[in-house]
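Examination of the molecular architecture
Each chain is listed here by its residues.
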Amino acid sequence: MYTLETPLETIKGIGPKLFEVLSAQGFIKLKDLLLYLPLRYSDRSEIVTISSLEVNKLVSFEAKLKSISGFYKNRRRMDTAVVEDSTGKIKLMWFNNKFISKSLKVGENYMISGKLNDRGTITQPTVEMASTDTIHTGRLVPIYSSTIDIQQGKLRRILRNTTLQLNNKAKNNIVDAIIQLHFPDDEDSIIKAREQLALEELLALIKTSEKIKLHWKNLKSASAISLSKPLIPKTIPFELTNAQKRSVKEIIEDLQSSSPMNRVLIGDVGSGKTVVAGIAARQIINAGHSVAFIAPTKILAEQHLETLTKLFPELDLVLLTGKSKLPKVKSAKPKLYIGTHAVINKIDEIKPGLIIYDEQHRFGVSQRSTNQQSKNKKSTNQKLNKGKIKSAHILTMSATPIPRSLMLTIFSHLKVSYIDELPQGRKQTKTWVIPENKREAGYEWIAQELSKTDQSIQKKMCLIVCPFIDPSNHLAFENVASTKEVYEKINEYFTSKQTNKKLSIGLLHGRIKNDEQAKIINEIYQNKIDILVTTPIIEVGVDLPTASIILIESADRFGMASLHQLRGRVGRSGQQGYCLLFSESKSATTKKRLQEFSKENNGLKLAELDLKNRGSGDIFGTTQSGFSQLKFATWTNLDLIAKAQKKYQELPKDWQSFFDIKSDTKDPKPLAN
Ligand code: ADP
Ligand code: MG
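From a predicted model like this one, the values you see are computed outputs, not experimental measurements. (Residues numbered from 1 in each chain as written. Chains lettered and ligands numbered in written order. Predicted model: local features only at pLDDT ≥ 70, side-chain atom pairs only at ≥ 80, totals over all residues. Heavy atoms only, no water.)

The complete set of buried residues in helix α1 (residues 16-24) reads L18, F19 and L22. All buried residues of α1 lie within an arc of 100 degrees about the axis, which places them on one face of the element. In α1, the exposed residues that point more than 90 degrees away from the buried face are P16, K17, E20 and A24. Residues of α1 that are buried make contact with α2 (30-34) and α4 (152-164). G26, located one to two residues past α1, shows a positive phi value of around 90 degrees. (Buried < 20%, exposed > 50% of the residue type's maximum accessible area, 1.4 Å probe, protein only. Helix = DSSP H or I, 4+ residues; strand = E, 2+ residues; numbered from the N terminus. Arc of directions from axis to C-beta. Contact = heavy atoms within 4.5 Å.)

Right, dumping it as structure tokens:
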């Protein structure tokens, strides 16, 4: 009998070699493996007789093996078998399967899954011993991602055996739901199990959030600043929107208290979060403390340096990258340190009064352990509580459109400011889905559009975005347009064209060397690039004022949220922005999804649509839930969240969740004084 804690190396079917593979991926206990859930299901649940087999339809049937023999044809191994039931006979064929003839016995009954072809045979069928409890045939069969290097069949067998041998004490309704997801009775039970697990996750999240809230409430460890005037410096060349002003006010109020701020600033792409954070940073700096501004990518960090220098010329800005050392000069003047997560490692030296995290699409989880964990946690917490050491205020910025009611419910430890209006004069980006046969016409249109001037900008640029490619990824990603290919295609197209003006085309992706990246970005800002072919590296927050058109290749590969982020890159200087979507997908659902996207400009509505459109067979179903670490819950399922909130009130105080939700913002970062 097994428990959830049983070490995987002691489980039947897992030898030392497989254990090595599993442990390398972080699978140590049985619980870890159980949470390795199927990506999708192959529906082999319809059971028929041989005479009622239909061409090209995936079904299962039980039959007796009459004969089996193997031979070589053109050096290829072939095996053929004949099976029979009371209604007829059928021929089965396998290619390159040395083991099949040894593993099957004439005279035995088997359950067989496959599709009849138009030659009247079934090639490459799945076969297993007939029984009332089949694993690979005659049911909804789980298909796992290829993250773990193990045969599907073997993984299924191991999971089946272990779940059958799970100790009764280890079982509860959550574990039962997980088992259902591996070996579902039917489609309804998949949906039911997912909902149950989503609810459990939400409960765990609420609990973590409540815990953090309690912890922070009693802290008085931050520096309360006194306000310096003017609040909004004259160097900012535009009038703040009302929503920006309100957010500034809310943040500044927090900074004037010695309770460390833990606030999220939520605003759609282009709503102007950076300037709000900058105003807060300036107040902290004027009060004598440094600020750490953390961006998700290096490109974005460099860009923040550029824009914040313009908006706040009187501040001392320092760019910190992975390798750079803190400047030695011990000038007393506090600084605004901008960088990627590497900044975190230097926090003890910087001693910021405020830490700003930009573009956190996901929160509620601990990507940020480095920030929050201290080696000697207990004593640090005690010192923090007594106010002996100082902690930083924390401001997180996000474009994830999480509704207020939701923030109050499951992120109760965070305060929220919303920027719910766009700067004046912003035009809505026009979005079109372009059929493949209009591709050239699309390119022509782009060339023309780029040559037109606009009263708001001198020069226009077009972005062409291709999905990431990771060769290690699932087969499903095989046909995705590659950045380099597209670059070459585009380059060829525009250089062969005798247009009156030659367009210059740039290539930017994460695998390009750093100095080369910097060079391209420089060229972009010097208006030397007309078309930039790139990966979603530009998705997160990059502000390219001249970007006016974005063309997205294989648009079906992106979730709505990502598409919306990408679309948010254009039209930022008040010019009309355009978004052109290309997709090779033939699926009607995909087409519908892209059409819906092209008609909707509201981030929250899109997120809801995204959720509605996902089916159980959707391989992208589990990504982009909005909270990392959460496998089931999505914040767009408001009904379930309301249910979770109600249920949470009824839980006993010592309730322990099945899920281990790590908190994102556990402790304020202690600063040695
Ligand atoms: P995001 O919220 O997506 O981070 P940014 O802070 O990058 O948006 O702002 C987008 C653009 O809008 C920037 O070029 C910024 O200078 C400009 N901007 C911000 N606030 C205003 C405003 N109130 N009026 C006009 N332009 C603004
Ligand atoms: Mg931003």
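Together, D43, D185, D186, E187 and D188 give the surface a local cluster of negative charge. On the basis of relative accessible area, D186 is assigned to the partly exposed category, the value being 38%. (Patch = residues over 30% accessible without salt bridge, like charges linked within 9 Å, V, L, I, M, F, W, Y side chains within 5 Å. Areas by Shrake-Rupley, 256 points an atom, 1.4 Å probe, with all protein chains shown as cover. Salt bridge = Lys/Arg side-chain N within 4 Å of Asp/Glu carboxyl O. Lys, Arg positive; Asp, Glu negative; His and termini not counted. Charge placed at Lys NZ, Arg CZ, Asp CG, Glu CD.)

A few words now on the side chain of E200. Within the secondary structure layout, E200 lies in helix α6 (residues 187-217). No salt bridge is formed by the buried E200; its nearest oppositely charged neighbour, K647, is found at 6.1 Å. Engagement of the side chain of E200 in a polar contact is seen with the backbone nitrogen of F658, the distance being 3.0 Å. (Polar contact = N/O pair within 3.5 Å; in protein donor to acceptor, adjacent residues only side chain to side chain.)

Attention now goes to the site of ligand 1. Around ligand 1, the surrounding shell holds 16 residues, and the nearest of these are Q244, G270, T274, R426 and D543. Between ligand 1 and K273, the relevant distance is 2.9 Å, taken from an oxygen atom to a side-chain nitrogen or oxygen of the residue. Separating an oxygen atom of ligand 1 from a side-chain N or O atom of T274 is a distance of 2.6 Å. Relative to its free-state accessible area of 560 Å², ligand 1 is covered by the protein chains to the extent of 83%. Looking at the shell around ligand 1 residue by residue, the classes come out as four nonpolar, six polar and six charged. (Near = heavy atom within 4 Å. Nonpolar A, V, L, I, M, F, W, Y, C, P; charged D, E, K, R; others polar.)

Bringing the packing of aromatic side chains into the picture now. Enumeration over the complete set of coordinates arrives at nine aromatic pairs. Ring geometry for F658 versus F659: centroids 5.4 Å apart, planes at 90 degrees, classification edge-to-face. Take F658: its relative accessible area is 10%, and that puts it in the buried class. Among the aromatic side chains, those forming a connected cluster through ring pairs are F27, Y36 and Y144. Of note, K31 hangs over the ring of F658, and the distance from its end group to the ring centre comes to 4.4 Å. The aromatic ring of F597 is capped on one face by R567, whose charged end is 3.9 Å from the ring centroid. (Phe/Tyr/Trp six-rings, centres within 6.5 Å; stacked < 30°, edge-to-face > 60°. Lys NZ or Arg CZ within 6 Å of the ring centre and 35° of its normal.)

Looking at the element boundaries, E108 is found in the loop between α3 (100-103) and β6 (109-115). Separated by 44 residues in sequence, E108 and K64 place their C-alpha atoms 5.5 Å apart. Ignoring anything within four residues of it in the chain, the contact list for E108 reads A63, K64, L65 and M129.

Another point: the pairing of strand β17 (residues 415-419). Burial of β17 is extensive: four of the five residues sit out of reach of the surface. Alignment of strand β10 (residues 262-267) against β17, held across five bridges, turns out to be parallel. Across the sheet, the residue bridging to V264 is V416, located in β17. (Pairing = 2+ DSSP bridges.)

Right, let's get into the pattern of salt bridges. Proximity of charged atoms lets side chains of opposite charge pair with each other. If you walk through the whole model with that rule in mind, you get 21 salt bridges. The shortest N-O distance in the salt bridge between E46 and K57 comes to 3.3 Å. Of this pair, E46 sits in the loop between β1 (40-43) and β2 (47-48) while K57 sits in the loop between β2 and β3 (58-73), and the two are 11 residues apart along the sequence. The partly exposed category is assigned to E46, whose relative accessible area is 37%. A salt bridge links K57 to E54, with the nearest nitrogen and oxygen atoms 4.0 Å apart. Residue classification places E54 among the partly exposed positions, given a relative accessible area of 47%. Salt bridges sharing partners connect three or more residues here, namely E250, D254, R263 and K415.

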